Structures are given as structure tokens and as C-alpha cells.
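The lines below spell out each chain.
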Amino acid sequence: MIYLDYNATTPLSENVKQVITDNLDLFYNPSSMYKEGKLVNEKIQASRSAVAKLINAEEDQIVFTGCATESNNSVIQSCLAYSSGKRKHVIISAVEHPAIFETVEYYKSHTETEVTVVPVDELGRINIDEIERSVCPDTVLVSIMFVNNETGNIYPIKAVVDAVRKKNPNAFVHTDATQAVGKVDVDVKALGVDYLTLSGHKIHAPKGVGALFVKDSSSYIPYMHGGHQERNYRAGTENTLSILALGQAANDIINDNPVDRIRKLRDDFEEKVLRHIKGSRVLGDVKNRVGNTSCILIEGLNGIKICTMADEIDDICLSTGSACNSCEMVPSRVMRAMGISQIPIRISIGKYTKEDDLKKCLQALIKIQNKMRRSAL
Ligand code: PLP
């Protein structure tokens, strides 16, 4: 099996597996007063410190959550709850992940929340002037993703923050950095954001753990109420093993992150695809995207069929974009926002991808497209 779907999820790294097995018997409640509980608590704080270091935050600005979806939901809910204004206005981009898009839609249909969805151009780029124009005195939150999961496009978050602050210094700015962490430098101080989301399973930690950066706790309204865990930011007994794993995953990125090797593999692969597969083109802002993602459209060929054949015949795991809409037969919302009417394929690689994996993928794609074109005749 060849796995080329790292944007959907990543395998546990060897170091992460080691941390999990080493701590399997450390079942004590981190809030307990005896020394075993205190030890677990200390380990959680060490993980917090690693995650904080990874994004240049302070330790007490990191809240562990259940996933990126929870982090995103909690930010939206907090900003809406914190605002005392009668009108509440939220701005997002047309290419946000469903964890933002659908959540904002929910508040729009169930509360008085007003939403502006800023469009993107054919390369999936946002227009900063358009964001600035959309900000008004009632804007409570602007949420723009750092890196898009389907195209790999990198968005200019610092410029978004500057534009928002100019028009409304009270509006919060959040970025969903789920696909950015480990692929580009993420520095919350340089970005100037109020909130930032990340997820464990995209960086070789397990599923079911995420984190939220909260710049200023005085304006954060918790999403989960109950016990006093996570300094009252998030109630519920901590997912200890996964939090320790996330800390290890953060340390791994800090210590050794082969982004240049990954980018070279991706670029060589893309160059060969474009050369050997007629009608293929790369979608997205090609000059401004992360080095692991390749969103490829093959003219006239349905991405779902390509992925299905790659899986069934060649045992290669590819995707059409977001894992969340991989069963739909229409182009994703992100693709439609870019004016793309056909379903592409997404190849997303990572630190365990070998040159040979991509060679086999290229051969499979050539074979599949020949077969599909022949059967269309
Ligand atoms: N945000 C982005 C940009 C994503 O790519 C994903 C997962 O694909 C999520 C949020 C949701 O992450 P999680 O599975 O941790 O909730």
C-alpha cells in the first residue's frame, strides 16, 4: 500500500508511538493530589510547553482540545458570546474547512449572526482589500485559514490581521492553522492573531487531540463547562496519552522537519505528471503553497474515478480534496469557489513518503488515464 493522503491524516511517528507505549500505565488523573497525579500533570505541562514553543506562544496561551474542529467551534462561540453588541458580524473566506464554514452557517441560521464570505479568485487567493472593506464596527471575528487543505495555498494572515485592526481594533482574528503546522513556520507573535487552531493527527500524533492558542484569556468564553481542567478554558479530564503524544509531535517538528526534501519530491512528481499526462494541470496558487500538496486536474477525467481505480488496482491512497466530502460526486465547495467544475485529485505527502512511492503513483496515473480515455471512446 502506498499512502499519499497526509492532508487527511498522518501515521503516528516512531517517537510518538514510543511516548504512548512508555506512558500506557500512567493512568492517574492529572488533577489528583498524590504524586502520581502530579507527575501526569507535569508531563502535560511539558507537552504544553512544546506546543507553545512550536508556534512561539506562551505556555499559558495553549489549551488542549479534542480536535481542530473543537478549537474552531470554540473560537466562533467565544467571540459571539463575548460581544455585547446587538449586531454580530463574522467574516470568513469561501475556502474555509467545514469546521469553520458549517459552524458559521449554523450560527447564521440559528442566531442573528451575520456572515460575510469573502470570495477567492481562480487560483484560490483572497483579496485583502475585500476583507478590509468587509470589516465593520459590528465585526466580532475574522477567521481565515493559514493553509488550505485541498490546494495547499498559503494565506497572508499577517496582512489580514493588519487590515482588520485598521478598520476595527476590537474584532478578533483567528486562523485555522491545521494544515500549516509542520509545513510552514507558524509564529503567533509575528502573525498577531488572537486565536490559532491546530490538530494532532495532521502532525503524526493521534486523532482526538488538538490545541487552541488563546492570546488573551480575559476575552475567551469557554466552550466546555464543568471541572477546572485546562485552567478553566476547557472542562473534562485531560486526554493524557494523546496530549503527551502531541507534545512529542511538536518536539519532532522543532528538532527535525524535512520540509525541503518533501517539497523537492512533490515538485519532481508534479513536473513528471505535467509532462506525461495529457490535459493535466496543477490547481491553486502554485507559487505560494506548502511543499507537500499537489492538487491536480486531469481534463475530462473524474477525480473520484481516478482515486477509486488507484485504490482498487494499485493500492494507492489518494484523495479528491477534503476527506469530509470525498464521497460526493460534485466538485467541493472550495473548487467551486475557484470556478473549477471538475473533480481533481489531491496527492499530499509527508516525511515517510519515498521517491519510489511517487514513481509508482505516476505510473499508476498514466495507466489509469489511458484506460479511462480508452473506455470513453
Ligand atoms: N481544519 C482544516 C484546515 C483541516 O484540514 C481539518 C481536517 O482535515 C480540520 C480543520 C479538522 O481537523 P480535526 O479532524 O482535527 O477536527
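What counts, and at which threshold
- Residues numbered from 1 in each chain as written.
- Predicted model: local features only at pLDDT ≥ 70, side-chain atom pairs only at ≥ 80, totals over all residues.
- Heavy atoms only, no water.
- Near = heavy atom within 4 Å.
- Polar contact = N/O pair within 3.5 Å; in protein donor to acceptor, adjacent residues only side chain to side chain.
- Areas by Shrake-Rupley, 256 points an atom, 1.4 Å probe, with all protein chains shown as cover.
- Nonpolar A, V, L, I, M, F, W, Y, C, P; charged D, E, K, R; others polar.
- Salt bridge = Lys/Arg side-chain N within 4 Å of Asp/Glu carboxyl O.
- Helix = DSSP H or I, 4+ residues; strand = E, 2+ residues; numbered from the N terminus.
- Buried < 20%, exposed > 50% of the residue type's maximum accessible area, 1.4 Å probe, protein only.
- Phe/Tyr/Trp six-rings, centres within 6.5 Å; stacked < 30°, edge-to-face > 60°.
- Lys NZ or Arg CZ within 6 Å of the ring centre and 35° of its normal.
- Pairing = 2+ DSSP bridges.
- Axes fitted to C-alpha atoms, helices over the stretch in contact; angles between N-to-C directions.
- Contact = heavy atoms within 4.5 Å.

Draft legend 1. Inspection of the site of the ligand at higher detail. Within the structure, the ligand sits among C67, A68, T69, H97, M145, N149, D176, T178, Q179, S199, H201 and K202. Within the side chain of T69, a nitrogen or oxygen atom sits 2.6 Å from an oxygen atom of the ligand. Contact distances for the ligand include 2.8 Å between an oxygen atom and a side-chain N or O atom of Q179. Here the ligand loses 89% of its free accessible area of 400 Å² to cover by the protein chains. Residues belonging to the shell around the ligand are distributed by class as follows: 3 nonpolar, 7 polar and 2 charged.

Draft legend 2. Focus on the pattern of salt bridges. On inspection of all chains with the given rule, the structure shows 19 salt bridges. Taking the shortest distance from any N to any O, the salt bridge between R48 and E230 comes out at 2.8 Å. Placement of the pair is R48 in helix α2 (residues 35-54) and E230 in the loop between β8 (210-214) and α8 (240-255), with a sequence separation of 182 residues. Neither R48 nor E230 differs from the other in exposure class; each is buried.

Draft legend 3. Structural view of the packing of aromatic side chains. Enumeration over the complete set of coordinates arrives at 7 aromatic pairs. Aromatic side chains Y3 and Y6 sit 5.5 Å apart centroid to centroid with 55° between the ring planes, which places their arrangement in the tilted category. Judged by relative accessible area, which is 25%, Y3 ranks as partly exposed. One aromatic cluster is present, built from ring pairs that chain together Y82, F172, Y195, Y220 and Y233. The residue whose ring lies beneath R333 is F101, and the NZ or CZ to ring-centre distance is 3.7 Å.

Draft legend 4. The sheet that holds strand β9 (residues 280-282), seen in detail. Within the open sheet, the 3 strands sit side by side as β9-β10-β12. Their pairing is antiparallel. Two strands bound the open sheet, and with one partner strand each, they are β9 and β12 (345-348). Each adjacent strand pair in this sheet contributes to an overall mean axis angle of 30°, direction not counted. Against the sheet, helix α9 (residues 259-276) makes contact with β9, β10 (293-298) and β12, and its axis sits at roughly 5° relative to β10, the strand it touches most.

Draft legend 5. Local environment of the environment of H276. Assignment of secondary structure puts H276 in helix α9. On the basis of relative accessibility, which here comes to 40%, the residue H276 falls in the partly exposed class. For the pair formed by H276 and S93, sequence separation is 183 residues and the distance between their alpha carbons is 35 Å. Sequence-distant contacts of H276, that is, excluding residues within four places in its chain, are made with L362, I366 and Q369.

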